[in-house]
Amino acid sequence: VNAADIDAIVDRHAGREGPLLPILHDVQAAQGWISEPDIVAIAKALNLSRAEVSGVVSFYHDFRRAPTALPTLKLCRAEACQARGSEPLARWAAEQAECRVSVETVYCLGLCSVGPAAMLGEDVHARLDRTSLGELLVRAAG
Ligand code: FES
C-alpha cells in the first residue's frame, strides 16, 4: 500500500475508539503484510511513536512483517457476512488451512447479500459454507 492508501485507511477509522488495530488489519488485508514504511506512516497519522505501532504489530501473531509465499484466500468478515455466519467459518477455515494457505480477512467484497464471501485470486465466491469453502482451500493449496 502507498501513502495515499494508508491515509484512506486511517480516515476510514478516524474518530473511532482504538483505531490502531482495525487500521493494521486493513493494511494487512490490502497487501498481506505490514511493512516498516507502513508502520512509520500509521504512527505519524495516529500521533504515536514508531515503537508503539511496531510493538502492537509484534504482539499480535496475526500480523505479518514480511510477505507470505503461501497462496492467499481472502475471507470477508465485515458486518453483513458476519450476520451470515462468516465468523465460525473463518475459524474453521484457519484450522483447515493449516500452513498450506494463508486465510486473510477482508472487509467487504461487494457480495453482502449473498455472503459469506471470499476471494481467491481474481475470483469472488459467495454463499460459502464448509463444503464450498473447503473446496476453495483445496484449490488454493494447489
Ligand atoms: S460484508 Fe461481506 S461481502 Fe460485503
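Residues numbered from 1 in each chain as written. Predicted model: local features only at pLDDT ≥ 70, side-chain atom pairs only at ≥ 80, totals over all residues. Heavy atoms only, no water.

On to the packing of helix 3 (residues 36-46) against helix 4 (residues 50-59), then. At their nearest, the axes of helix 3 and helix 4 sit 8 Å apart, and the two run at 125 degrees to each other. On the basis of their axis angle, the class for helix 3 and helix 4 is oblique. In this structure, helix 3 crosses over helix 4, and the sense of that crossing is right-handed. Contacts between helix 3 and helix 4 pair Glu36, Ile39, Val40, Ile42 and Ala43 from the former with Arg50, Val53, Ser54 and Val57 from the latter. Grouping the amino acids of the contact of helix 3 with helix 4 by side-chain chemistry returns six nonpolar, one polar and two charged. (Axes fitted to C-alpha atoms, helices over the stretch in contact; angles between N-to-C directions. Helix = DSSP H or I, 4+ residues; strand = E, 2+ residues; numbered from the N terminus. Parallel < 35°, antiparallel > 145°, perpendicular 65-115°, else oblique. Left-handed = near helix turned anticlockwise from the far one by under 90°. Contact = heavy atoms within 4.5 Å. Nonpolar A, V, L, I, M, F, W, Y, C, P; charged D, E, K, R; others polar.)

Looking now at the confidence of the model for the protein. Averaged over every residue, the pLDDT of the protein is 91; residues scoring 70 or more account for 100%. Mean pLDDT across the elements of the protein ranges from a minimum in helix 1 (residues 3-13), with 86, to a maximum in helix 5 (residues 79-83), with 96. (pLDDT = per-residue confidence, 0-100.)

Strand direction decides the pairing type here: strand 1 (residues 72-76) and strand 2 (residues 102-106), joined by five bridges, are parallel. Its bridge partner lying in strand 2, Leu75 is registered against Thr105. Summarising the sheet, strand 1 and strand 3 (residues 118-120) pair through three bridges and their orientation is antiparallel. Counted as the bridge partner of Leu75 is Ala118 from strand 3. (Pairing = 2+ DSSP bridges.)

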